[in-house]
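# Chains, contacts and geometry: an overview
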Amino acid sequence: MSDIILFWGGESVFSNFHPAVFYDSRGYRFTSSEQYYMFHKAKFHGCWRKAAQIKNIHSPWQIKQIGRTIPKTNEWYTVHAIPTMRNALLAKFSQNPHMMHVLLQTGNATLAESSPYDDFWGIKLHANDARSKDPQQWKGTNSLGYLLEEVREKINKHNFQF
């Protein structure tokens, strides 16, 4: 079994709540991957006022609260959520040398968001739970962890330099 690196909470560079200034392909500035994700989710659902609010708030916690008021649709989660988060993470890590270094230092380890509440982005187990070290026992899909591994591989493959 490969090494597993568990993370959860804004202090980890792998968290969507960790502060990280980056720009998208249109030149829009974001201060966290949470902001990027929720901004695009609001726009997709036609929630233009909420998108504007999200763009002007820098607290990931406040952004998440607004994001919770955006409708949850099957189309968003089955078609758009993963590519949107992938774009956010690629921009975040490719534009922040320290964060990129931390990501690359994980080598080939499995990255897992140990949120005990999230079964889509995380493993739905707390890091203190012994089952968190066994992917066969995870209660969530760990989409965020797997996307981070994908971004790590892409950065390695393209040999990003600063």
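Residues numbered from 1 in each chain as written. Predicted model: local features only at pLDDT ≥ 70, side-chain atom pairs only at ≥ 80, totals over all residues. Heavy atoms only, no water.

## Points about the environment of asparagine 108
Mapped onto the elements of the fold, asparagine 108 is located in the loop between α5 (97-104) and β4 (110-113). Spatially, the C-alpha atom of asparagine 108 lies 9.3 Å from that of isoleucine 4, the residues being 104 residues apart in sequence. Every residue in contact with asparagine 108, bar those within four places of it in the chain, is listed here: Ser2 and Arg152. (Helix = DSSP H or I, 4+ residues; strand = E, 2+ residues; numbered from the N terminus. Contact = heavy atoms within 4.5 Å.)

## Things to note about the side chain of arginine 152
Take arginine 152: it is sitting in helix α6 (residues 143-158). Within the buried core, arginine 152 has no salt-bridge partner, and the shortest N-O distance to an opposite charge, that of glutamate 149, equals 4.4 Å. If we skip the residues at most four places from it in the chain, arginine 152 touches Leu103, Leu104, Thr106, Gly107, Asn108, Ala109 and Leu111. (Buried < 20%, exposed > 50% of the residue type's maximum accessible area, 1.4 Å probe, protein only. Lys, Arg positive; Asp, Glu negative; His and termini not counted. Salt bridge = Lys/Arg side-chain N within 4 Å of Asp/Glu carboxyl O.)

## Structural notes on the packing of helix α1 (residues 33-44) against helix α2 (residues 48-56)
In contact at an axis separation of 8 Å, α1 and α2 are set at 165 degrees when each is read in the N-to-C sense. Taken together, the axes of α1 and α2 are roughly antiparallel relative to one another. The handedness of the crossing between α1 and α2 comes out as left-handed. Of the residues in α2, those in contact with Gln35, Met38, Phe39, Ala42 and Lys43 of α1 are Trp48, Lys50, Ala51, Ile54, Lys55 and Asn56. Class assignment of the residues belonging to the contact of α1 with α2 gives a composition of 6 nonpolar, 2 polar and 3 charged. (Axes fitted to C-alpha atoms, helices over the stretch in contact; angles between N-to-C directions. Parallel < 35°, antiparallel > 145°, perpendicular 65-115°, else oblique. Left-handed = near helix turned anticlockwise from the far one by under 90°. Nonpolar A, V, L, I, M, F, W, Y, C, P; charged D, E, K, R; others polar.)

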